[in-house]
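Listed here are the chains, written in short residue letters.
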Number of protein chains: 4
Amino acid sequence: MIISTKRGTPQQEIDKIIKEFEDKGLSVTLIRGTDYNVFGLVGDTTKIDEKLVAANPYVESVTRVSAPYKRANRLFHEADTVVDVNGIKIGGKEKVVVIGGPCSVEGAEQVCQIARQVKAGGGCMLRGGAYKPRTSPYAFQGLGTEGIMDMVKAREETGLPIVSELMSEDKIPEFEEYVDVVQIGARNMQNFNLLKAVGKMHKPVLLKRGLANTIEEWIMSAEYIMAGGNENVMFCERGIRTFEKYTRNTLDLSVIPILKQKSHLPVIIDPSHATGDWRLVEAMSLAAVAAGADGLIIEVHNDPEHAWSDGAQSLKPAKFAQVVEKCRAVARAVGREM
Amino acid sequence: MIISTKRGTPQQEIDKIIKEFEDKGLSVTLIRGTDYNVFGLVGDTTKIDEKLVAANPYVESVTRVSAPYKRANRLFHEADTVVDVNGIKIGGKEKVVVIGGPCSVEGAEQVCQIARQVKAGGGCMLRGGAYKPRTSPYAFQGLGTEGIMDMVKAREETGLPIVSELMSEDKIPEFEEYVDVVQIGARNMQNFNLLKAVGKMHKPVLLKRGLANTIEEWIMSAEYIMAGGNENVMFCERGIRTFEKYTRNTLDLSVIPILKQKSHLPVIIDPSHATGDWRLVEAMSLAAVAAGADGLIIEVHNDPEHAWSDGAQSLKPAKFAQVVEKCRAVARAVGREM
Amino acid sequence: MIISTKRGTPQQEIDKIIKEFEDKGLSVTLIRGTDYNVFGLVGDTTKIDEKLVAANPYVESVTRVSAPYKRANRLFHEADTVVDVNGIKIGGKEKVVVIGGPCSVEGAEQVCQIARQVKAGGGCMLRGGAYKPRTSPYAFQGLGTEGIMDMVKAREETGLPIVSELMSEDKIPEFEEYVDVVQIGARNMQNFNLLKAVGKMHKPVLLKRGLANTIEEWIMSAEYIMAGGNENVMFCERGIRTFEKYTRNTLDLSVIPILKQKSHLPVIIDPSHATGDWRLVEAMSLAAVAAGADGLIIEVHNDPEHAWSDGAQSLKPAKFAQVVEKCRAVARAVGREM
Amino acid sequence: MIISTKRGTPQQEIDKIIKEFEDKGLSVTLIRGTDYNVFGLVGDTTKIDEKLVAANPYVESVTRVSAPYKRANRLFHEADTVVDVNGIKIGGKEKVVVIGGPCSVEGAEQVCQIARQVKAGGGCMLRGGAYKPRTSPYAFQGLGTEGIMDMVKAREETGLPIVSELMSEDKIPEFEEYVDVVQIGARNMQNFNLLKAVGKMHKPVLLKRGLANTIEEWIMSAEYIMAGGNENVMFCERGIRTFEKYTRNTLDLSVIPILKQKSHLPVIIDPSHATGDWRLVEAMSLAAVAAGADGLIIEVHNDPEHAWSDGAQSLKPAKFAQVVEKCRAVARAVGREM
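None of the values given here were measured: they were computed from a predicted structure.

Novice: Go over the overall build of chain A, please, and point to the residues and values.
Specialist: Looking only at helices and strands, one finds 11 helices and 14 strands in chain A. Overall size of chain A, expressed as C-alpha extent along the three principal axes, is 75 × 45 × 40 Å. Within chain A, buried positions represent 61% of all 338 residues.

This is the structure in C-alpha cells:
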C-alpha cells in the first residue's frame with residue numbers, strides 16, 4: 001500500500017503515521033519528494049481500510065498495490081479451478097459447456113420440452129428461473145417452488161443438471177436439495193448476507209457480475225463465498241450498464257482474459273442478458289468462445305413471443321442448435337473441445 | 001405504449017398483433033408509414049411486458065409513454081407526501097431535516113457522544129450502521145444487534161429518532177421494534193424480496209438509489225414497497241457510478257426537481273457517500289438545499305481517522321454544526337425553514 | 001416520430017401542433033389516451049428537430065421511430081459496401097484484413113523495420129501516427145510531415161498501404177497526396193468541421209468511435225462524411241469509457257452485429273486502444289474475428305518499452321504473427337478467409 | 001510516481017529500471033514486498049509517460065502521485081485567477097456572473113431583443129452560437145459570420161460582452177476581432193490542435209468539459225491553452241454522459257469544490273445543456289450558486305418552441321429574470337454578491 005501526504009505535513013504527523021502502521025506489524029519506507037511525501041507499506045495490508053487512512057487530513061492519496069483478495073487470487077493458487085457439476089467439468093482445459101433454457105419456468109411441460117431441445121441442440125445443463133427479480137412489482141415473479149419442481153422433472157427426463165437463481169436465504173434448503181448450480185443474480189452480487197449464506201452451501205455457484213460492478217468488486221464477491229468455505233465459484237459476465245442505447249447492456253468480453261490472469265475460477269458468458277436481443281446472441285457467443293470462455297449460458301424458448309419474461313432475447317431451439325454448432329467450430333479453432 | 005414494426009411486415013402479422021392487444025382490453029390505432037408501421041395502444045398498459053412485445057421478430061421498437069408506476073406517481077397523487085418520524089415531518093413545505101451520525105456504530109459511548117454533538121449541531125435524527133455492507137469479507141461487518149441497542153441508548157439520551165440500514169429479512173422484528181427509519185442501502189435497491197418484506201413494515205423507509213440505477217428503476221423500487229402497503233417511502237440520492245475518478249461517485253442533484261415532478265415522495269441527499277470526501281460535503285450540502293432537498297444525511301464522527309469505516313467522508317462535529325448553519329441560510333434564501 | 005402531450009393539454013394547443021406538422025408536409029394521426037394524447041407523424045422526419053418539439057411545454061416526450069441516417073442506413077442500401085484500398089478489399093464477404101504498426105512513427109528506420117515485420121506476420125496495411133492527440137501538452141506530439149514521409153518510405157519498401165490519423169483540416173492536402181486511409185480519431189468523432197472536410201476527400205476513411213458516443217451518433221458521423229460525397233467510410237471500434245478500471249476502455253464487440261444490421265459499411269476492431277494492455281490483445285482479436293469483424297487494427301512495436309507512446313498496448317512482431325495465425329483459424333471456423 | 005513490479009522480477013531487470021530513471025535525473029527508492037517490489041520516483045515526473053513504463057512486462061502497475069498539470073495547478077499558483085472580460089471580473093471573490101442568450105443566433109433582431117431581455121433580467125454577458133456542432137448533417141449549422149455580426153450589433157446596443165463557440169482554427173481572426181469570450185465546446189475539449197491555437201489568442205476562453213472526460217483530463221486541456229500563453233481560462237461544466245435517461249446529461253456539481261481545490265481558475269456552470277430540460281434549470285442554477293460557482297451560463301429564448309435549436313432547454317426571458325433573482329438570494333446566503 002502506498003500513501004502520499006500533502007506538502008507541508010508536519011514531521012510529527014509523519015512520525016505518527018509511521019508509528020501507527022508499524023504498530024500493526026507493517027514495515028514502512030518513507031520517500032521524501034518535493035511536493036509530496038510517499039510511504040510504502042510492506043506486509044499483510046488486506047485488513048487495512050483505505051478509506052480510513054484517507055480520513056487523515058494530511059493524506060493526499062492511498063493506493064493499494066496488492067490485490068485485496070486471497071482465495072480467488074491466481075497468485076496464491078496457480079492451477080485452474082475445475083468445477084464439477086454432476087460429473088460435468090467446467091474450467092481449465094475442459095470442454096466448453098453450454099447451459100440453455102428459458103428465462104422463466106412456465107410449467108413442467110414447457111420446461112421438459114425445452115430441456116429436450118436444449119439437450120438435442122448440444123446443451124449440457126438446463127437453466128430456468130423459478131424466482132424472478134423483476135423491476136416492476138406488477139410483473140410475473142416466477143412460479144417459485146413449483147417451478148423448481150418442474151425443473152427437477154426435466155432433469156429426471158433428460159439428465160441435464162439444473163441451474164436456477166437464488167434470491168433469498170430462506171430458500172437455501174430447497175436449493176440445497178433440488179438445484180445443481182446456484183445462480184446469484186446481478187442485482188444480488190453485493191447482497192453480502194446472501195453471499196455469506198451461499199458460502200456455507202455445498203453446491204457450485206454461478207456468480208453474475210453486477211450491472212455496474214468492477215472486476216475487482218466481482219472477485220471480492222467470489223472471495224466472500226469462498227471465505228465461507230464454498231470454493232466452487234464460477235464467474236458469469238452478463239453485460240454492464242453504459243450510456244449505449246442500442247443494447248440493453250454492454251457485454252464486456254475483456255473480463256475473460258483478465259479473470260484468467262487474476263483468478264483461477266471458471267468464466268461463463270451470458271450473451272442473452274448482455275444484449276437483450278436474440279439477433280445479437282450468435283455473434284456474441286462466437287466471440288466469447290474465441291476469447292476463451294469456459295462456458296455459455298443462453299436463453300432458449302420454444303415460443304419467445306409468448307414467453308412470460310425476456311422473450312426478446314431468447315433463441316428458438318433450432319437457432320440454438322445452430323449457434324452451438326458454430327461455436328463448436330470456433331472452440332476447435334482455439335484449441336478446445338465443446 | 002407505441003410499437004413500431006419493420007418494413008415488409010405481412011398484413012396477417014399486423015392483424016395478429018392488433019388482435020392480441022385488443023384481447024387484452026386495449027384500444028389499438030395503426031399508423032402506416034413508408035418504412036415502418038406504428039401502433040398506439042391506449043388503456044392500462046402497466047401489465048404489458050415491453051420485452052415480450054419486442055420478442056416478436058417483426059417488431060422494431062417498443063416505447064412506453066405512460067410511466068410504469070402508479071402509487072409513487074405524482075399524476076395520481078397530486079399532494080406531497082409528508083412522512084412523520086416520531087413527530088418530525090419530512091417533505092412538502094416542512095422544515096429541511098438533517099440526519100447526522102457515524103457510518104458504523106462503534107459502541108454506546110461513541111454513538112451517544114456523537115448523538116449529543118449532532119443534536120447540538122442542528123441535526124434532528126441520528127444515523128448509524130449496525131449491519132454494514134462491505135466489499136471485503138475481511139472488513140469490519142458492524143456490531144449487529146449490539147449496535148442497534150447502542151443507538152437506542154443514544155435515542156433515550158437525546159430524543160433523536162434513529163435511522164439504520166436493514167440488510168436482511170431476518171432482522172425485521174428487531175428493526176420494527178427498535179429503529180425509527182429503516183434504510184435500504186444502494187446495493188439492496190433491487191433486492192426485491194427485501195423490498196416486499198419492507199412493504200409490510202410499519203416504519204418509514206429511506207430508499208437509497210442504486211449505484212447504477214435510473215430514476216425510473218428507483219421509483220419502481222419505491223413502488224414495490226408501496227404496493228406492499230407501506231406508503232412512507234423517502235428517496236435518498238447517494239451518488240451514481242461514472243467514469244470520474246476524483247470522487248467516489250457522482251452526486252446527481254437533478255434528481256431533486258425530477259423526483260418532485262414525477263413523484264410526491266420526499267427526497268433526501270447524502271453528500272457523504274456521494275463524494276467519499278469530507279472536503280466536498282459542505283459545498284454539496286449547500287447545493288442540495290438550494291435545489292430543494294427535503295433533508296440531508298451526513299456522516300459525523302468525533303475521530304474520523306480512527307473511525308471503523310468510511311472515515312474519509314466524515315465531518316467532525318464542529319464542522320458539521322458549521323455546515324448546518326450555512327445550509328440554514330441557503331434554505332431561508334429559497335423560502336424554506338431548516 | 002411519436003409525440004405525446006400531457007394530460008390536460010387544451011384542444012387548441014393540440015390543433016396548433018397538428019397544423020404545424022401538416023404545414024411541413026407530414027401526415028399526423030392523433031391517438032387519445034386517458035393520461036396522454038399521442039401523435040404519430042408519417043413522412044420525412046429527418047429534418048425535424050426533436051429538441052425543438054420537446055420545447056413545447058405541453059409536450060411530454062418525443063420518440064423517433066425511423067433512424068435519422070439515410071446514406072449509411074442498410075434500409076436504403078441493402079448490399080454491403082466494400083472499400084478498396086490500393087486493391088485490398090474490405091467489407092462484405094472479403095478477407096478479414098489486419099492493419100499493424102506502431103502507435104507513433106519514430107523515424108524511417110523504425111517504421112520500415114516494423115512494416116516488414118507486420119507484412120511478414122500477415123498484416124496487409126501499415127498504421128502509424130505522425131500527428132498524435134495527447135492528453136498532456138508536454139507529451140510527444142508526433143513527428144508531423146516527417147513521420148508521414150517515413151511511412152511513405154515504408155510503403156515503397158513493402159507495398160503496404162498506409163493508415164494515419166488526420167487531426168486538422170490544414171493537413172488535408174498532405175494526406176490526400178501521401179496517405180491511403182485517413183483515420184479520424186476517437187476524440188474527433190464529433191469534430192464536425194473536420195468530418196465535413198473529410199467528406200470532400202478522395203481517400204477511404206477509418207472513423208473511430210468516440211469514447212462516450214452511442215452507435216447512433218457514430219453512424220451520424222459517418223453520415224456527415226458521406227453527405228459530403230465520400231462514401232468509403234469504415235467504422236472502427238476502440239473501446240468506450242465505463243467505470244471499469246482494469247482496462248483502459250471497455251471494448252464493445254456487440255457493435256459488430258449491430259452495425260452490420262443498421263448499416264452497410266465495414267467494421268474494424270482496435271483491440272490495442274480498447275484494452276490498453278498487450279496481454280489482452282490476443283483474446284480480443286480472436287473474439288472480434290469470431291463476431292464478424294471485417295478487419296483488425298493492432299499496435300505492433302519492435303521495442304514496446306521504449307516506444308514513444310502507448311508501449312503498454314503494443315505487441316512485439318513475433319507475438320503479432322502468432323495472433324494473426326490464430327485469428328486465421330477462427331476466421332475459417334466462421335466461414336471467412338483472412 | 002510509484003511503480004510496482006511483479007513477483008519474480010529478476011534482480012537485473014530491477015537494476016535496469018532503476019538505472020533508466022536515474023539517468024533521467026530522478027531519485028529512485030526501492031521498497032521490497034512479499035508479492036511485489038515497489039519503486040518510488042522523486043523529481044520532475046511530468047514528462048514521464050505512464051503507459052510507456054507500463055509497457056515493461058515486469059511492471060504490474062504505475063501510479064502518478066503528483067498531478068500532471070503545472071500552470072493550472074493551485075499548488076503552484078495559490079491565488080485565485082480573476083478573468084477580466086471588458087471590465088467584468090470573474091472568479092475569486094468577485095460577483096457571480098450570469099451569461100444568457102439563445103443557443104443559436106437566428107438574426108440581428110432576435111439576438112438584440114434577447115440581449116435586452118437578458119440585460120434587464122440580470123445577465124451581464126450575452127451568449128449565442130453562430131457555428132453550431134450538430135449531431136446530424138441535416139440540422140441547422142448556424143448562421144456563421146452573419147451570426148457573429150448580429151451579436152456584435154447586440155453588444156453595441158446593450159454593452160453586453162459576447163460569448164460564442166469557436167469550432168475551427170480558420171475562424172480565429174474573426175473571433176479575435178469580434179468576440180469577447182471564446183467558447184470551446186464539449187466535443188472539442190480534446191481537439192488539441194484547436195486548444196493550441198486558442199492558447200495563442202488574446203481573448204479569455206470558456207472551456208467546456210467533454211461528455212466523458214475526467215476532471216483531470218479537463219484540467220490538462222486548460223493546461224494546453226495556458227501552455228500556449230493564454231492564461232485566461234474558465235472551466236464550464238455542462239453535464240457528463242451517464243446511464244440515466246430522464247436528463248440529457250448528468251450535471252456534476254462536485255466539480256466546483258474540486259476545481260477550486262486543484263486549480264485557481266474560475267468555474268462556470270451551464271444548467272441548460274446539462275439537463276436538456278428548461279424545467280430543471282432553476283433548481284440546478286440555485287444549486288450551482290450555493291456550491292460556489294463563479295458564474296452561470298443559461299439559455300434564454302423569446303420563443304423556445306420555434307427556436308432553431310435546443311428550444312427544450314431554453315428559459316423564456318421572464319423566467320430567466322426570476323431565476324436570476326432567486327440565485328441572487330442564494331449567493332448572498334453563501335456570502336457572495338451577484
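Novice: Describe in detail the relation of the copies chain A and chain D, supporting the description with residues and values.
Specialist: Copy one and copy two of the chain differ by a rotation about a common axis and a shift along it. Mapping chain A onto chain D calls for a rotation angle of 180° and an axial translation of 0.0 Å; the resulting RMSD is 0.0 Å. This pairing of chains is accounted for by a two-fold axis. Residue A:Phe243, judged by its C-alpha, is the member of chain A lying nearest the rotation axis, at 2.3 Å. Mapped onto chain D, 100% of the interface residues of chain A are again interface residues, and the two copies thus contact each other with one and the same surface.

Novice: Summarise the interface of chain A and chain D; cite the residues concerned and give the values.
Specialist: In this assembly, 19 residues from chain A lie in contact with 19 residues from chain D. Elements with a minimum of two residues in the side of chain A that touches chain D: β1 (2-5), β2 (27-32), β3 (37-42) and β4 (59-63) of chain A. It is β3(A) that provides the largest number of residues to the side of chain A that touches chain D, a total of three residues. Of the residues belonging to the side of chain A that touches chain D, the class tally is eight nonpolar, eight polar and three charged.

Novice: Give me the environment of A:Asp44: which residues, what numbers.
Specialist: All names here are of chain A. By the element assignment, Asp44 lies in the loop between β3 and α2 (50-54). Note on Asp44: 13 C-beta atoms within 10 Å, which makes it partly exposed. Linking Asp44 and Ser66, residues 22 residues apart in sequence, is a C-alpha distance of 9.2 Å.

Novice: Please give an account of the interface of chain A and chain C that cites residues and values.
Specialist: Taken together, the contacts link 37 residues of chain A with 37 residues of chain C. Contributing elements (two or more residues each) for the side of chain A that touches chain C: α7 (215-227), α8 (255-262), α10 (278-291) and α11 (317-333) of chain A. For the side of chain A that touches chain C, the leading source of residues is α10(A), giving nine residues. Of the residues in the side of chain A that touches chain C, the class split is 22 nonpolar, eight polar and seven charged.

Novice: Go over the sheet that holds strand β11 (residues 205-208) of chain A, please, and point to the residues and values.
Specialist: Residue and element names in this part refer to chain A. If you walk around this closed barrel you meet the eight strands as β7-β8-β9-β10-β11-β12-β13-β14, and the pairing is parallel. In this sheet, adjacent strand axes meet at a mean angle of 25° when their direction is disregarded. The pairing of strand β7 (residues 97-101) with strand β8 (residues 125-127) spans two bridges and is parallel. Residue pairing for β8: Gly100 is matched across the bridge by Leu126. Helix α3 (residues 108-120) rests against β7 and β8 of the sheet, and its axis sits at about 155° to β7.

Novice: I'd like a rundown of the pairing of strand β7 (residues 97-101) of chain B, residues and numbers included.
Specialist: Residue and element names in this part refer to chain B. Among the five residues that make up β7, five are buried, leaving the element largely enclosed by the rest of the structure. Residues of β7 alternate between two faces, with Val97, Ile99 and Gly101 on one and Val98 and Gly100 on the opposite face, all of them buried. Sheet topology note: the β7/strand β14 (residues 295-299) ladder contains five bridges and is parallel. Residue pairing across strands places Gly100 opposite Ile298, the latter belonging to β14. The β-α-β motif built from β7, the intervening helix α3 (residues 108-120) and the parallel element strand β8 (residues 125-127) has right-handed crossover chirality.

Novice: I'd like to hear about the sheet that holds strand β11 (residues 205-208) of chain B, residue by residue, with values.
Specialist: All names here are of chain B. Taken in spatial order, the eight strands of this closed barrel run β7-β8-β9-β10-β11-β12-β13-β14, and their pairing is parallel. Between one strand axis and the next, the sheet turns by 25° as a mean value, whatever way the strands run. Examined bridge by bridge, strand β13 (residues 267-269) and β14 share two bridges and lie parallel to one another. Counterpart to Ile268 in the pairing with β14 is Gly295.

Novice: Hey, could you go over helix α7 (residues 215-227) of chain D for me, with residue numbers and the actual values?
Specialist: Residues and elements named next belong to chain D. Taking 1.5 Å as the rise per residue, α7 with 13 residues should run 18 Å; its terminal C-alpha atoms sit 18 Å apart, in good agreement. The element α7 is extensively covered by neighbouring structure, given that 11 of its 13 residues are classed as buried. When we look at burial in α7, the residues that qualify are Ile215, Trp218, Ile219, Met220, Ser221, Ala222, Glu223, Tyr224, Ile225, Met226 and Ala227. Residues of α7 that are buried in the fold lie against α6 (192-198), β11 (205-208), β12 (233-237) and α8 (255-262). At the C-terminal side of α7, Gly229 shows a positive phi close to 120°.

Novice: Lay out unusual backbone geometry with the relevant residues and their values.
Specialist: The phi dihedral of A:Asn86 is positive, around 50°, even though this residue is not glycine. Here A:Asn86 falls in the partly exposed class, since 14 other C-beta atoms lie within 10 Å of it.

Novice: Would you mind going over the confidence of the model for chain A in detail, with residue names and values included?
Specialist: Model confidence for chain A is summarised by a mean pLDDT of 92, while 99% of its residues fall at 70 or above. Taken together, the chains of this predicted complex give a pTM of 0.93 and an interface ipTM of 0.92.

Novice: If you had to explain the packing of α10(A) against helix α10 (residues 281-290) of chain C to someone new, which residues and values would you point to?
Specialist: It is the contact of α10(A) with α10(C), at a shortest axis distance of 7 Å, that shows an interaxial angle of 150°. Judged by the inter-axis angle, α10(A) sits roughly antiparallel to α10(C). In this structure, α10(A) meets α10(C) at a crossing whose hand is right-handed. Of the residues in α10(C), those in contact with A:Leu286, A:Ala287, A:Val289, A:Ala290 and A:Ala291 of α10(A) are C:Ala283, C:Met284, C:Leu286, C:Ala287, C:Val289 and C:Ala290. A class-by-class count of the residues in the contact of α10(A) with α10(C) yields 11 nonpolar, no polar and no charged.

Novice: Hey, could you go over the domain arrangement of chain A for me, with residue numbers and the actual values?
Specialist: According to the domain assignment, chain A consists of domain 1 (2-63) and domain 2 (74-333). The C-alpha-based centres of domain 1 of chain A and domain 2 of chain A are spaced at 43 Å.

Novice: Please set out the environment of B:Ala120 residue by residue, giving values where relevant.
Specialist: Along the chain, B:Ala120 falls in helix α3. When the C-alpha positions of B:Ala120 and B:Leu286 are compared, they lie 19 Å apart, and in sequence the two are 166 residues distant.

Novice: Quick rundown of the packing of helix α3 (residues 108-120) of chain D against helix α4 (residues 145-158) of chain D? Include the residues and the values.
Specialist: All names here are of chain D. Where α3 contacts α4, the two axes come as close as 8 Å, and the packing angle between them is 40°. One way to sum up the angle between α3 and α4 is to call them oblique. Regarding α3 and α4, the two cross each other, and that crossing is right-handed. Contacts between α3 and α4 involve Ala108, Val111, Cys112, Ala115, Arg116 and Lys119 on the former and, on the latter, Asp150, Met151, Lys153, Ala154, Glu157 and Thr158. Partitioning the contact of α3 with α4 into residue classes produces six nonpolar, one polar and five charged.

Novice: Hey, could you go over the pairing of strand β9 (residues 162-165) of chain C for me, with residue numbers and the actual values?
Specialist: Residues and elements named next belong to chain C. Side chains Ile162 and Ser164 project from β9 onto one buried face, and the interleaved Val163 and Glu165 project onto a second face that is buried too. The sheet contact formed by strand β8 (residues 125-127) and β9 spans two bridges and is parallel. Within β9, the residue paired with Arg127 across the bridge is Val163. Running through helix α4 (residues 145-158), the crossover from β8 to the neighbouring parallel element β9 is right-handed. Two elements, β9 and strand β10 (residues 181-184), share three bridges in a ladder whose sense is parallel. Across the sheet, residue Glu165 finds its bridge partner in β10, namely Gln183. Note on the crossover from β9 through helix α5 (residues 172-178) to β10: the handedness is right-handed.

Novice: Please set out α8(A) residue by residue, giving values where relevant.
Specialist: Two residues of an α-helix separated by three or four positions point the same way, owing to the 3.6 residues in each turn. Along α8(A), six of the eight residues are buried, which leaves the element largely enclosed by surrounding structure. Elements that come into contact with the buried residues of α8(A) comprise α7, β12 (233-237), β13 (267-269) and α10 of chain A together with α10 of chain C.

Novice: Requested: an account of the environment of D:Gly159, with residues and values cited.
Specialist: In this fold, D:Gly159 is placed in the loop between α4 and β9 (162-165). Taking the C-alpha atoms as reference points, D:Gly159 and D:Arg116, separated by 43 residues in sequence, lie 9.6 Å from one another.

Parameters at a glance
- Residues numbered from 1 in each chain as written.
- Chains lettered and ligands numbered in written order.
- Predicted model: local features only at pLDDT ≥ 70, side-chain atom pairs only at ≥ 80, totals over all residues.
- Helix = DSSP H or I, 4+ residues; strand = E, 2+ residues; numbered from the N terminus.
- Buried ≥ 20, exposed ≤ 12 C-beta atoms within 10 Å, placed from the backbone.
- Least-squares fit on C-alpha atoms with pLDDT ≥ 70 in both.
- Contact = placed C-beta atoms within 7 Å.
- Nonpolar A, V, L, I, M, F, W, Y, C, P; charged D, E, K, R; others polar.
- Pairing = 2+ DSSP bridges.
- Axes fitted to C-alpha atoms, helices over the stretch in contact; angles between N-to-C directions.
- Right-handed = clockwise from strand over helix to strand, strands pointing away.
- Expected span 1.5 Å × (residues − 1).
- pLDDT = per-residue confidence, 0-100.
- Parallel < 35°, antiparallel > 145°, perpendicular 65-115°, else oblique.
- Left-handed = near helix turned anticlockwise from the far one by under 90°.
- Domains from an automatic or database assignment.

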